[in-house]
Amino acid sequence: MRAKSNVTVDNQRTRVTEWIFEIGGETGKHVHEYDYIIVPMMDGELKIINEDGSTEVSKLVKGDSYFRNKGVNHNVKNNNDFLYSFIEVEIK
C-alpha cells in the first residue's frame, strides 16, 4: 500500500509535503534530490529499507525534527499498528 502525499508548498526555495501512512503503508524506493527535514506529527516508528537492503527502525517523537542530506536512497514503511504521518520540508 502506497503512502499518501500532499504537497502544501512548492516554490523556488522549498517543497513541503505531508505524508500519511496507513498500516503497512510505504513510500516506495526513492532518492532524495534535495536536503530535507522531517517533522514527525506523532510518536511512532518507521522501518527504513536502505538501498543496500539493510533495514533499521527509526523511533520518532512528535515535533522532534531531524535533517538529512540529499542523495538518501531508501523506502520508508509504517512500522506501527496505527496510521502515521510526518511533514517533509525539502530545501531546493
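Provided above is the structure to which this section pertains.
Now for a look at the structure at hand. This structure is a prediction, so every number in the text was calculated from the model and none was measured.

As a further point, take the sheet that holds strand S6 (residues 55–60). Spatial strand order, S3-S8-S5-S6: four strands in an open sheet with antiparallel pairing. Strands with a single pairing partner mark the edges of an open sheet, and in this sheet they are strand S3 (30–31) and S6. Two strands pair when backbone bridges link them, and strand S5 (residues 44–50) and strand S8 (residues 73–78) are joined in this way by five bridges, in the antiparallel orientation. Looking at the pairing, Leu46 lines up with Asn78 of S8.

Moving on, we come to the pairing of S5. Note: S5 against S6, six bridges, orientation antiparallel. Within S6, the position partnered with Ile48 by the bridge is Glu56. Remark: four residues form the turn of the hairpin made by S5 and S6, two consecutive strands paired antiparallel; Gly53 in that turn has positive phi of roughly 90°.

Another point: the nonpolar core. Counting eleven residues, the largest nonpolar core consists of Ala3, Trp19, Phe21, Tyr36, Ile38, Leu46, Ile48, Leu60, Val76, Tyr84 and Phe86. Those elements that place two or more of their residues in this core are strand S2 (14–21), strand S4 (35–40), S5 and strand S9 (84–91). With residues near it in sequence (within four places) discarded, Trp19 still touches Ala3, Lys4, Ser5, Thr27, Tyr84, Ser85, Phe86 and Glu88.

Counted by the stated rule, this structure contains five salt bridges. Of the charged contacts in the structure, one is a salt bridge between Lys4 and Glu22, with a shortest N-O distance of 3.8 Å. Taken together, the residues span a long stretch of sequence, with Lys4 in strand S1 (residues 4–10) and Glu22 in the loop between S2 and S3 at a distance of 18 residues. Among the ionic pairs, Arg15 bridges to Glu90, the shortest N-O distance being 2.6 Å. Of the two residues, Arg15 sits in strand S2 while Glu90 sits in strand S9, which places them 75 residues apart along the sequence. The two residues Arg15 and Glu90 agree in class, both being buried. Connected through shared salt-bridge partners, Arg15, Glu33 and Glu90 make up one network.

As a further point, take the pairing of S8. Each regular strand carries side chains that alternate between the two faces of the sheet. Among the six residues that make up S8, five are buried, leaving the element largely enclosed by the rest of the structure. Two strands pair when backbone bridges link them, and S3 and S8 are joined in this way by two bridges, in the antiparallel orientation. Within S8, the position partnered with His30 by the bridge is His74.

Among the secondary structure elements, Glu88 is positioned in strand S9. In this structure Glu88 is buried but unpaired, with Arg15 as the nearest side chain of opposite charge at 6.0 Å. Engagement of the side chain of Glu88 in a polar contact is seen with the side chain of Trp19, the distance being 3.3 Å.

So, how was this worked out
- Residues numbered from 1 in each chain as written.
- Predicted model: local features only at pLDDT ≥ 70, side-chain atom pairs only at ≥ 80, totals over all residues.
- Heavy atoms only, no water.
- Pairing = 2+ DSSP bridges.
- Helix = DSSP H or I, 4+ residues; strand = E, 2+ residues; numbered from the N terminus.
- Core = buried A, V, L, I, M, F, W, Y, C linked by side-chain atoms within 4.5 Å.
- Buried < 20%, exposed > 50% of the residue type's maximum accessible area, 1.4 Å probe, protein only.
- Contact = heavy atoms within 4.5 Å.
- Salt bridge = Lys/Arg side-chain N within 4 Å of Asp/Glu carboxyl O.
- Lys, Arg positive; Asp, Glu negative; His and termini not counted.
- Polar contact = N/O pair within 3.5 Å; in protein donor to acceptor, adjacent residues only side chain to side chain.

Honestly, that's just the spatial picture; any functional story needs more than this.
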